[in-house]
Amino acid sequence: GGGDRSAAAAATASAATDAAVSAAEHAVDTADLLELVEIIVPYFLEQKAEPEACDLLLEVDELRRLRTYVREESYARVCLYLLSFASFVPEPDDRLMLRTVLALYVKFGQRCDALRVAMQLNDVPLVKRLLCTERDDTVRAQMAYMLGRQHMFVFDGEDDDDDDDDDDD
């Protein structure tokens, strides 16, 4: 009986050591892989191969890094690809893709497109923040029309003075 226990304990310790060594090797392999990704993704974007860059980052679960690589000349194609691909991806990856697109639209000043994606995410606080932080009245009116068309009503508190006029009668 005692020999079986020591043999089992030795086997368990050996398995734990092998697992730790394997995890350490995997961490080194992952670091090497991410170094290569940091070289390949900008190259793909320079060569107008946006789908390949996105796919590579998706494959290594590093889509959030895309925001740092995308430049003004390629953001539109990247966003179009991710938006069309997001409907074929399961949760939560689809939301990650949409949030990445939203961040790119905000980064490059496409506030109405960002609002459209925020509505697709059904993120009411984000919709309200986008609407309330817009400085251009024309763009803000366009955003309000977009929200009204989708029956999404967000009040910013500035239009309360219209209700006071009815009380005077």
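About the cut-offs
Residues numbered from 1 in each chain as written. Predicted model: local features only at pLDDT ≥ 70, side-chain atom pairs only at ≥ 80, totals over all residues. Heavy atoms only, no water. Patch = residues over 30% accessible without salt bridge, like charges linked within 9 Å, V, L, I, M, F, W, Y side chains within 5 Å. Areas by Shrake-Rupley, 256 points an atom, 1.4 Å probe, with all protein chains shown as cover. Salt bridge = Lys/Arg side-chain N within 4 Å of Asp/Glu carboxyl O. Helix = DSSP H or I, 4+ residues; strand = E, 2+ residues; numbered from the N terminus. Buried < 20%, exposed > 50% of the residue type's maximum accessible area, 1.4 Å probe, protein only. Arc of directions from axis to C-beta. Contact = heavy atoms within 4.5 Å. pLDDT = per-residue confidence, 0-100.

J.: Please set out a nonpolar patch on the surface residue by residue, giving values where relevant.
T.: A contiguous nonpolar patch, built from Leu36, Ile39 and Ile40 and spanning about 280 Å² of accessible area, is present on the exposed surface. Relative to the helices and strands, Leu36 resides in helix α1 (residues 2–46).

J.: Explain helix α7 (residues 124–133) to me, using residue names and the numbers behind them.
T.: Buried residues of α7: Leu126, Val127, Leu130 and Leu131, and no others. Here the buried residues of α7 occupy an arc of 135° about the axis, which is enough to place them on one side. Buried residues belonging to α7 abut α5 (93–107), α6 (111–121) and α8 (137–149).

J.: Before we move on, can you summarise the confidence of the model for the chain with the specific residues and values?
T.: Mean pLDDT for the chain: 80, with 74% of residues reaching 70 or above. Here residues 160–169 scores under 50 on pLDDT; set against residues more than four positions off or in separate chains, the count is 0 contacts.

J.: Account for unusual backbone geometry, with residues named and values stated.
T.: Negative phi characterises most residues that are not glycine, and trans characterises most peptide bonds. Looking along the chain, the bond that leaves Glu91 and enters Pro92 is cis, with omega of -10°. Non-glycine residue Lys48 carries a positive phi angle of around 65°. With respect to the helices and strands, the residue Lys48 is situated in the loop between α1 and α2 (50–59). Residue class for Lys48 comes out exposed when judged on its relative accessible area of 52%. Of note in this structure, Asn122 is not a glycine but carries a positive phi near 60°. Mapping Asn122 onto the fold places it in the loop between α6 and α7.

J.: Kindly report on the pattern of salt bridges, identifying the contributing residues and their values.
T.: Considering all chains together, one arrives at 7 salt bridges under this definition. Two residues, Glu62 and Arg65, come together in a salt bridge whose shortest N-O distance is 2.9 Å. Under the relative-accessibility criterion, Arg65 is labelled partly exposed at 22%. Across the pair Arg99 and Asp123 runs a salt bridge, and its minimum N-O distance is 2.9 Å. A residue pair is termed long-range when its members are at least 10 positions apart, and Arg99 in helix α5 and Asp123 in the loop between α6 and α7 qualify at 24 residues. Residue class for Arg99 comes out partly exposed when judged on its relative accessible area of 33%. Exposure remark for Asp123: the relative accessible area of 17% places this residue in the buried category. The structure contains a network of salt bridges with shared partners spanning Glu38, Glu62, Arg64 and Arg65.

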